[in-house]
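# A closer look at the structure
The lines below spell out each chain.
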Amino acid sequence: MKWNKYTLTTTTEAEDLISSMMMEAGIEGIEIEDKVPLSEQDKSRMFVDILPEGPEDDGVARISFYLEPEQDNGAILAAVQEGLDEIRGYGIDVGAGTIEASQTEDKDWINNWKEYFHQFYVDDILIKPSWEEVKPEDQDKLLIQIDPGTAFGTGMHETTQLCIRQIRKYMEPGTQVLDVGTGSGILSIAALKLGASYAFGTDLDPCAISAAEENREVNGILEEQFQVMVGNIMEDTAVKEAAGYGKYHMVVANILAEVLLPLTPVVVQHMKKGGIYITSGIIEEKEAAVVNAIKSAGLHVLEVTRQGEWVSVTARRD
């Protein structure tokens, strides 16, 4: 199905007012493109393994909306133009205020990423999406099947591979794992495949929880072996209590350095003495800050490993 796409070029100052105005005009959904940098609060809520630097904010915003050809596009566009003039009348800078029209096809946004994700290896571990077959020459490899969907974590990124190698190095039979920022669940699943007996994953994004549960099933892991919960373990008492205190032989956290700094003293409460703490998501420039935070939390740094520009720090609670 073809849709009529309309893109209004305005300013970041006016984008909130214009967005509200469009909703009042009967537009059910919009897309906003701007170069406004993330706030510190936004960053603290992104438990992801990559946070790329964005372009410099130029004050320009583009607000797009889609209308079916059968709709009365003219009436809606007139309402948008009237609302735009009203906002301008309040003395708000709406910038160019131009509306560009185009046509676009329906897209399956949820599944389009599949064409870019193919099987690959972390040493002798085969990581593949569920829709690809295992090659005959890979039959003897340890298999992990991951379909990330809308959650983070295919295993292709350097930070994830660093964590998997450290998990393997320090894994002992019966290990219980706490996975903070679990994403697709890949680190917990890798740990369970490598000999862990139990994993508990937390994430801020509900999409991560459903992705991790689906990946648990496709890897033949029982629900009682890998449990996941949405919430912030640094702030949410319910998450802390569900995870359990002084319980884990291993904690993995493949998230941003900015999150690792306040997270580290919190997760220590959930570790057993002698427990291993594996972190990544750390760019080289933040290595010293993370190492200092780990030491300040009373942990002993065992090693620092690197891949590309990314760093992993492994420590132990003595």
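Going by the structure above, here's the rest.
First, a word on scope: everything that follows refers to the structure included in this document. (Residues numbered from 1 in each chain as written. Predicted model: local features only at pLDDT ≥ 70, side-chain atom pairs only at ≥ 80, totals over all residues. Heavy atoms only, no water.)

### With respect to helix H6 (residues 206-218)
Definition in use: Helix and strand definitions follow DSSP, with helices as H or I runs of at least four residues and strands as E runs of at least two, each counted in order from the N terminus. Multiplying 1.5 Å by the residue count of a helix minus one yields the expected span of that helix. The cut-offs for exposure are 20% and 50% of the maximum accessible area for each residue type, with area from a 1.4 Å probe on protein chains only; residues under the lower value are buried, those over the upper are exposed, and the others partly exposed. Comment: arc refers to directions from the helix axis out to C-beta atoms. Contacts are residue-level and defined by heavy atoms, with any inter-residue pair within 4.5 Å sufficient.
Helix length check: H6 (13 residues) gives 19 Å between terminal C-alpha atoms against 18 Å at 1.5 Å per residue, within 8%. Inspection of H6 places Ala208, Ile209, Ala211, Ala212, Asn215 and Arg216 among the buried residues, and these make up the whole buried set. Down the axis of H6, the smallest arc covering the buried residues is 170°, so these residues share one side. H6 presents Pro206, Glu214 and Glu217 as exposed residues on the side facing more than 90 degrees away from its buried surface. On its buried side, H6 packs onto strand S7 (142-145), helix H5 (186-193), strand S9 (198-203) and strand S10 (226-230). Immediately downstream of H6, the backbone of Gly220 shows phi near 70°, a positive value.

### Quick word on the pairing of strand S11 (residues 248-254)
Let me state the cut-off plainly: Pairs of strands are assigned from DSSP output, requiring at least two bridges between the strands. The handedness rule is simple: strands pointing away from the viewer, and a clockwise path from the first strand over the helix to the second, make the crossover right-handed.
Among the seven residues in S11, six count as buried, and that is most of the element. Of the pairings in the sheet, the one linking strand S8 (residues 176-180) to S11 comprises four bridges and is parallel in character. Of the residues in S11, the one forming a bridge with Val180 is Ala253. Pairing geometry for S11 and strand S12 (residues 271-283), over six bridges, is parallel. When the sheet's bridge partners are listed, Val252 is paired in S12 with Ile278. At this point the chain moves from S11, through helix H8 (residues 257-267), to the parallel S12, and the crossover so formed is right-handed.

### As for the nonpolar core
The condition is simple: We define a nonpolar core as any set of buried Ala, Val, Leu, Ile, Met, Phe, Trp, Tyr and Cys residues linked to one another through side-chain atoms lying within 4.5 Å.
Counting residues in hydrophobic clusters, the biggest one holds 30 residues, and the most contacted among them are Leu178, Leu260, Leu263 and Tyr277. Of all the elements in the fold, those that place two or more residues in this core are S8, S9, helix H7 (237-243), S11, H8, S12, helix H9 (287-296) and strand S14 (310-317). When residues of this core are assigned to their parent elements, the largest contribution, six residues, is made by H8. Those residues in contact with Leu178 that lie beyond four places of it in its chain are Phe200, Ile233, Ala243, Tyr248, Met250, Val251, Val252 and His270. Residues Phe120, Ile127, Ile186 and Ile209 belong to the second largest nonpolar core, which totals 28 residues.

### Here's the deal with the sheet that holds S7
Each strand in a sheet pairs with its neighbour through backbone hydrogen bonds, running either in the same direction (parallel) or in the opposite one (antiparallel). Rules: Fitting a line to C-alpha atoms yields each axis, with helices limited to the stretch in contact; the angle taken between N-to-C directions then spans 0 to 180 degrees.
Reading across from one edge, S5-S6-S7 is the order of the three strands in this open sheet, with mixed pairing throughout. Since the sheet does not close on itself, it has two edges, and those belong to strand S5 (120-122) and S7, each with one partner. In this sheet, neighbouring strand axes are inclined to one another by 30° on average, regardless of whether the strands run parallel or antiparallel. Strands in contact with helix H4 (residues 158-170) are S5 and strand S6 (125-128); relative to S5, the strand with the most contacts, it is inclined by about 45°.

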